[in-house]
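Structural features, examined
Next come the chains, spelled out residue by residue.
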Amino acid sequence: MQVYHGAGQPWDSHSNLLDSHRRLASESDGPLAALLADLFNADALKDTLVIWGEWAGRRRSNCPLSKPGRDHHNDGFTIWMAGGA
């Protein structure tokens, strides 16, 4: 199963990175924590691999300092995994 957060590409923050990612993280942290807790409590986390990743790596951007952002980078990606023992 694949789940997306937001319409379009809301995490694609080329500018206003801090405000944008704070808002997006606060919207997704609770549901992600609940999913992991539910899987753990059902003893299903050991048989389930949860992967959180981004579609494009990031690097420093030429955005103004007042609205810092990131440009795409082919060699740098962020990912975390839980479960799947």
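All of the points below concern the structure found in this document.

Calculation notes
Residues numbered from 1 in each chain as written. Predicted model: local features only at pLDDT ≥ 70, side-chain atom pairs only at ≥ 80, totals over all residues. Heavy atoms only, no water. Helix = DSSP H or I, 4+ residues; strand = E, 2+ residues; numbered from the N terminus. Contact = heavy atoms within 4.5 Å. Areas by Shrake-Rupley, 256 points an atom, 1.4 Å probe, with all protein chains shown as cover. Expected span 1.5 Å × (residues − 1). Bend = angle between axes of the 7 residues up to and from the residue. Buried < 20%, exposed > 50% of the residue type's maximum accessible area, 1.4 Å probe, protein only. Patch = residues over 30% accessible without salt bridge, like charges linked within 9 Å, V, L, I, M, F, W, Y side chains within 5 Å. Salt bridge = Lys/Arg side-chain N within 4 Å of Asp/Glu carboxyl O.

1. Structural notes on the overall build of the chain
Regarding its fold elements, the chain presents 1 helix and 4 strands. Counting from the amino terminus, helix and strand elements in the chain follow one another as α-β-β-β-β. Within the chain, residue pairs in contact and separated by at least 24 positions form 54% of the contacts whose partners lie at least 6 positions apart. With the model as given, the accessible surface of the chain reaches about 6,500 Å², and the carbon-plus-sulfur share is 55%.

2. What about helix α1 (residues 17-41)?
Its 25 residues give α1 an end-to-end C-alpha distance of 35 Å, which sits within 8% of 36 Å, the value for a rise of 1.5 Å per residue. By the largest-angle criterion, Ser-28 marks the main kink of α1, which is about 30°, and a proline, Pro-31, follows within four residues. Every buried residue of α1 is listed here: Leu-17, Ser-20, Leu-24, Ser-28, Leu-32 and Leu-39. After α1 finishes, the residue Asp-43 shows a positive phi value of roughly 60°.

3. Notes on unusual backbone geometry
A positive phi angle, near 60°, is found at Asp-43, a position not held by glycine. Among the structural elements, Asp-43 can be located in the loop between α1 and β1 (49-53).

4. Remarks on a nonpolar patch on the surface
Together, Leu-49, Ile-51, Ile-79 and Met-81 give the surface a local cluster of nonpolar side chains, amounting to about 430 Å² of exposed area. Going through the elements one at a time, β1 and β4 (79-83) are the ones with two or more residues in the nonpolar patch.

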